[in-house]
Amino acid sequence: MTHRIEGRLPLVAILRGLEPERAVAVGEVLVEAGFDIIEVPLNSPDPLTSIAALVEAFGSRALIGAGTVLTEAEVDALADVGAGLVVSPNGNPAVIRRTVGRSMVSLPGVLTPTEMFAALGAGASGLKIFPAEMVTPAIITAVRAVLPPATPIYAVGGINAGNMGDWLAAGVTGFGIGGSLFKPGKPLGDIAADARAIVSAFKAARGG
């Protein structure tokens, strides 16, 4: 099975620190709110257990995978539990190639045009601008003029309802949402409310 990110609501729920015993419950409220891309960073407790549980429960409705993926061995471990998404803070060509070779979506972290083109040259499915606090929407406008037009670009870091519109107008496809959506121990009701608010803010900023 080849996983794809196109056609989904372009919001990535970043569940850093997700507790495995809560994985399915957290996934349920996110999917109900409209999220269909979920990332569990590998520096969370027992992340493969959480990812496997999310894949089993929601794999037919959502793209499930991991963040902070740094090695080819980690890519293989994710593929073995059915993950479909590999997100990294950096643009390691070997990790990108292994991800694509295992039919998963590759979103490497990049900042400069050189890093962006190197990642795409290695086969990346899209680009993760990280940390987005280090750049401005104007930079996205500039690089959009030279990147392949269909390249998905996700901004991650410092994104909130108030600045989504500026990034979208500049040419960003979507966003990764972390601390404002999920923290370990956060009550499910609060996660659900924040997830609905983020989805609504994104749709409003995108113009419906």
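Structural data are supplied above this passage.
This is a predicted model, so every value here is computed, not measured.

Scoring rules and cut-offs
- Sequence positions are assigned chain by chain, starting from 1 and proceeding in written order.
- Under the rules for a predicted model, residues below a pLDDT of 70 receive no local features and side-chain atom pairs below 80 are neither given nor counted, while totals for whole chains, interfaces and linings still include all residues.
- Only hydrogens and water are removed before side-chain values are computed, so all heavy atoms of the structure are retained for them.
- To obtain an axis, a line is fitted to C-alpha atoms, over the contacting stretch when the element is a helix, and the angle between two such axes runs from 0 to 180 degrees between their N-to-C directions.
- Helix numbering and strand numbering both begin at the N terminus, where a helix is a DSSP run of H or I of at least 4 residues and a strand a DSSP run of E of at least 2.
- In this scheme, roughly parallel covers angles under 35 degrees and roughly antiparallel covers those over 145, while 65 to 115 is roughly perpendicular and the rest are oblique.
- Each crossing is labelled by how the near helix is turned from the far one, with a counterclockwise turn of less than a right angle marking it left-handed and a clockwise turn marking it right-handed.
- Contacts are assigned to residue pairs that have any heavy atoms within 4.5 Å of one another.
- Note on classification: 1.4 Å probe, protein chains only; a residue is buried when its accessible area is under 20% of the maximum for its type, exposed when over 50%, partly exposed between these limits.
- Here a strand pair is declared whenever DSSP counts at least two bridges between the two strands.
- Pairs were defined over the aromatic rings of Phe, Tyr and Trp, the Trp ring being its six-membered one, requiring ring centres within 6.5 Å. Orientation was assigned from the angle between planes: stacked under 30 degrees, edge-to-face over 60, tilted for the rest.
- By definition, being over a ring means that NZ of Lys or CZ of Arg is both within 6 Å of the ring centre and within 35 degrees of the ring normal.
- Call a crossover right-handed when, viewed with both strands pointing away from you, the route from the first strand across the helix to the second goes clockwise.
- The working definition used for a salt bridge is a side-chain nitrogen of Lys or Arg within 4 Å of a carboxyl oxygen of Asp or Glu.

Caption draft 1: Seen up close, the packing of helix α1 (residues 23–33) against helix α2 (residues 47–58). Running from amino to carboxyl end, α1 crosses α2 at an angle of 45°, the nearest separation of the two axes being 9 Å. With respect to each other, α1 and α2 are oriented oblique. The element α1 and its partner α2 pack so that their crossing is right-handed. The residues of α2 that touch α1, namely those facing Ala23, Val24, Gly27, Glu28 and Val31, are Ser50, Ala53, Leu54, Ala57 and Phe58.

Caption draft 2: Region of the structure containing the pairing of strand β9 (residues 174–177). Here β9 shows a buried face lined by Gly174 and Gly176 and a second buried face lined by Phe175 and Ile177. One ladder, built from three bridges, connects strand β1 (residues 11–14) with β9; its direction is parallel. Bridge pairing in β9 places Leu11 opposite Phe175. Alignment of strand β8 (residues 153–156) against β9, held across three bridges, turns out to be parallel. Within β9, the position partnered with Tyr154 by the bridge is Gly174.

Caption draft 3: Layout of the packing of aromatic side chains. Enumeration according to the criterion identifies one aromatic pair in this entry. Between the aromatic rings of Phe175 and Phe202, the centroid separation amounts to 6.2 Å while the plane-to-plane angle is 80°, which identifies the pairing as edge-to-face. Taken as a pair, Phe175 in strand β9 and Phe202 in helix α8 (residues 188–206) lie far apart in primary sequence, 27 residues in all. Looking at Lys128, its charged tip hangs above the ring of Phe130, at a distance of 4.5 Å from the centre.

Caption draft 4: Looking closely at the pairing of strand β2 (residues 37–41). With five of its five residues buried, β2 lies for the most part within the structure. Two strands pair when backbone bridges link them, and β1 and β2 are joined in this way by two bridges, in the parallel orientation. If you follow Ala13 over to β2, its bridge partner there is Ile38. Between the parallel pair β1 and β2, the chain is carried across by α1, and the sense of this crossover is right-handed. Taken together, the five bridges between β2 and strand β3 (residues 63–67) define a ladder with parallel strand orientation. Note on β3: the bridge partner recorded for Ile38 is Ile64. Handedness of the crossover is the feature at issue here: the chain leaves β2, passes through α2, returns alongside β3, and the resulting connection is right-handed.

Caption draft 5: Main features of the sheet that holds β8. The nine strands are arranged β5-β4-β3-β2-β1-β9-β8-β7-β6 in an open sheet whose pairing can be described as parallel. Bordering the open sheet on either side are β5 (105–107) and β6 (109–110), each of which pairs with just one other strand. Seen against the sheet, helix α5 (residues 113–121) touches β6 and β7 (127–129) and runs at an angle of roughly 155° to β7.

Caption draft 6: Looking closely at the pattern of salt bridges. Summed over all chains, the structure comprises eight salt bridges. A salt bridge links Asp36 to Arg8; its shortest N-O distance comes to 3.9 Å. Taken together, the residues span a long stretch of sequence, with Asp36 in the loop between α1 and β2 and Arg8 in the segment before β1 at a distance of 28 residues. Note that Arg22 and Glu19 form a salt bridge whose closest N and O atoms lie 3.4 Å from each other. Residue Glu19 is classed as buried on the basis of its relative accessible area of 15%. Through salt bridges that share partners, Glu72, Asp76, Asp80, Arg98 and Arg102 make up one connected network.

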